[in-house]
Amino acid sequence: MKAVSIDKITPAGNVAITEIPVPEVRPGWVLVKVKAFGMNHSEQILRLSEIEADHISKPIVPGIECVGEIADPSDSGMQEGQKVIALMGGMGRSFNGSYAEYALLPAHHVFAIESDLPWDRLAAVPETYFTAWGSLFECLQLKPTDTLLIRGATCALGYAAIQIAKAFGCKVTATTHRESKLPLLADSDEAVLDDGQLAGKANVTKALELVGAKTVRDTLRCMVKGGIVCHTGLLGGVYTLDGFDPIKEIPNGVYLTGFFSNYPTQQAVDEIFTFLSEHKLQPVYGECFDFEHIREACIALDGGKVNGKITVKI
Ligand SMILES: NC(=O)c1ccc[n+]([C@@H]2O[C@H](COP(=O)([O-])OP(=O)(O)OC[C@H]3O[C@@H](n4cnc5c(N)ncnc54)[C@H](OP(=O)(O)O)[C@@H]3O)[C@@H](O)[C@H]2O)c1
């Protein structure tokens, strides 16, 4: 089968398709015919540095998510041809991922779906919509009456969160750190230029923090009493809250939580697809590449110029 397989630091310009054997199915794992996949910043990190770490199995086929069909259900109880999505759980790091025609995946991280969406659009869903969904509903306990701040909204996750929260009935304020990108946030109720200091200007019941540790202290100060902040993104490039003093830095009666997409469930996947279908929503994405052009897709990912999710169709 055609696949991208790497065993050393690989700049986007060196990404190439190679031939490797179709994996042999085994108990507890299912063989998925990959139809399309979304691309993620973590795959760029894998190619450019993490590949050298001991916890990465090498050589490795990158790709932490995909959409496709069951080619061999093994002992999973699924049917051959069942439409599925898969994400995380070590995919593309501990075992081969989605940059390939077939992927052998642990059955507990492969989820059946019913959807008529085309593959290129469907590929925008697994990691991005699961993360948006979990952040908004599991962590922020979103209600239609909420006022929601999405900080760092000009990213795949931000666009998905705006779409879901607006369809749910919330009033959404979305921020960008680039004035030129304010028009990209037109689906929100209010697009705001973020100069790093929103405290005193915003006053919301819920906040989805996508810039991360760089701004979360300020975001905590944008909340009404009883408000919740969900720390999900790291766009600001700062990963830890050094010297964080919870007593002084979390205002009284404000809650701080975080979301990690490593634990998807069939229930959450079902809820996402039901919501998309009931609200007649088309998952949003920036650009779709054919698998033959995976190198160009990786160059686009590393360049950060695509507005929204990059998907790749096989
Ligand atoms: N917690 C989890 O489990 C989980 C799961 C998925 C993703 N994430 C994280 O969520 C974030 C969004 O992921 P994604 O896949 O949606 O990202 P993405 O689509 O790849 O977004 C990248 C874009 O974000 C923009 N951005 C917006 N605000 C920024 C800021 N303050 N600083 C730097 N860049 C900013 C950049 O464009 P401009 O600078 O031009 O605006 C950049 O091109 C990432 O940090 C990702 O690691 C977390």
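Caption draft 1: Expanded view of the overall build of the chain. Helix and strand content of the chain: eight helices and 15 strands. When its C-alpha atoms are laid out on the principal axes, the chain stretches across 60 × 40 × 35 Å. In the chain, buried positions account for 44% of the 314 residues. Considering only contacts within the chain whose residues lie at least 6 apart along the sequence, 68% involve residues at least 24 apart.

Caption draft 2: Highlighting the packing of helix 3 (residues 126-139) against helix 4 (residues 156-168). Relative to each other, helix 3 and helix 4 sit at 55°, their axes nearing to 9 Å. As the angle between them shows, helix 3 and helix 4 are arranged oblique. Here the hand of the crossing between helix 3 and helix 4 comes out right-handed. Contact residues: Thr 128, Tyr 129, Thr 131, Ala 132, Trp 133 and Leu 136 in helix 3; Ala 156, Leu 157, Ala 160, Ala 161, Ile 164 and Ala 165 in helix 4. A breakdown of the residues in the contact of helix 3 with helix 4 according to their chemical character gives 10 nonpolar, two polar and no charged.

Caption draft 3: Inspection of the nonpolar core at higher detail. Core analysis: the biggest nonpolar cluster contains 91 residues, and Val 32, Ile 150 and Ala 161 have the highest contact counts within it. Among the domains, domain 1 (2-124 + 285-313) and domain 2 (128-258) are the pair contributing at least three residues each to this core. Leaving out residues up to four positions away in the same chain, Val 32 has contacts with Cys 66, Gly 68, Ile 70, Ala 71, Val 84, Ala 86, Tyr 102, Ala 103, Leu 105 and Val 110.

Caption draft 4: The arrangement of unusual backbone geometry in detail. Cis geometry marks the peptide bond from Lys 58 to Pro 59, where omega comes out at -5°. With respect to the helices and strands, the residue Pro 59 is situated in the loop between helix 1 (41-48) and strand 4 (65-72). Of note in the backbone geometry, Ser 74 takes a positive phi value of approximately 50° without being a glycine. Along the chain, the position of Ser 74 falls in the loop between strand 4 and strand 5 (83-87). The exposure class assigned to Ser 74 is partly exposed, which follows from the 16 C-beta atoms found within 10 Å. The phi dihedral of Lys 280 is positive, around 50°, even though this residue is not glycine.

Caption draft 5: Expanded view of the site of the ligand. The local shell around the ligand holds 24 residues, among which Cys 155, Ala 156, Leu 157, Gly 233 and Ser 261 are the closest. For the shell around the ligand, the elements supplying multiple residues, two or more each, are helix 3 and helix 4. When the residues that make up the shell around the ligand are grouped by side-chain class, the tally is nine nonpolar, 12 polar and three charged. No fewer than three residues from each of domain 1 (2-124 + 285-313) and domain 2 (128-258) sit in the shell around the ligand.

Caption draft 6: Just the packing of helix 3 against helix 7 (residues 266-278), in detail. For the pair helix 3 and helix 7, interaxial distance at closest approach is 10 Å and the crossing angle is 95°. In terms of orientation, helix 3 lies roughly perpendicular with respect to helix 7. Taking contact as the criterion, the partners of Tyr 129, Phe 130, Trp 133 and Gly 134 in helix 3 are, on helix 7, Ala 268, Glu 271 and Ile 272. Of the residues that constitute the contact of helix 3 with helix 7, the class distribution is five nonpolar, one polar and one charged.

Caption draft 7: Just the sheet that holds strand 13 (residues 255-258), in detail. Taken together, the six strands give an open sheet; going across it, the order is 10-9-8-11-12-13, and neighbouring strands pair in parallel fashion. Two strands bound the open sheet, and with one partner strand each, they are strand 10 (190-193) and strand 13. Averaged over neighbouring strand pairs, the angle between their axes works out to 20° when direction is ignored. Taken together, the four bridges between strand 12 (residues 223-231) and strand 13 define a ladder with parallel strand orientation. Bridge assignment links Val 229 to a residue of strand 13, and that residue is Leu 256. Sitting on the sheet, helix 4 is in contact with strand 8 (147-151), strand 9 (171-176) and strand 11 (204-209), with an inclination near 165° to strand 9.

Caption draft 8: Focus on the pairing of strand 14 (residues 287-290). Both strand 14 and strand 15 (residues 310-313) contribute to a ladder of four bridges, which runs parallel. Looking across to strand 15, one finds that Asp 290 is bridged to Lys 313. In terms of handedness, the path from strand 14 via helix 8 (residues 294-303) over to strand 15 forms a crossover that is right-handed.

Caption draft 9: Quick look at the domain arrangement of the chain. Domain boundaries in the chain define domain 1 (2-124 + 285-313) and domain 2 (128-258). Centre-to-centre, using C-alpha coordinates, domain 1 lies 29 Å away from domain 2.

Thresholds applied
Residues numbered from 1 in each chain as written. Predicted model: local features only at pLDDT ≥ 70, side-chain atom pairs only at ≥ 80, totals over all residues. Helix = DSSP H or I, 4+ residues; strand = E, 2+ residues; numbered from the N terminus. Buried ≥ 20, exposed ≤ 12 C-beta atoms within 10 Å, placed from the backbone. Contact = placed C-beta atoms within 7 Å. Axes fitted to C-alpha atoms, helices over the stretch in contact; angles between N-to-C directions. Parallel < 35°, antiparallel > 145°, perpendicular 65-115°, else oblique. Left-handed = near helix turned anticlockwise from the far one by under 90°. Nonpolar A, V, L, I, M, F, W, Y, C, P; charged D, E, K, R; others polar. Core = buried A, V, L, I, M, F, W, Y, C linked by C-beta atoms within 7 Å. Domains from an automatic or database assignment. Near = placed C-beta within 6 Å. Pairing = 2+ DSSP bridges. Right-handed = clockwise from strand over helix to strand, strands pointing away.

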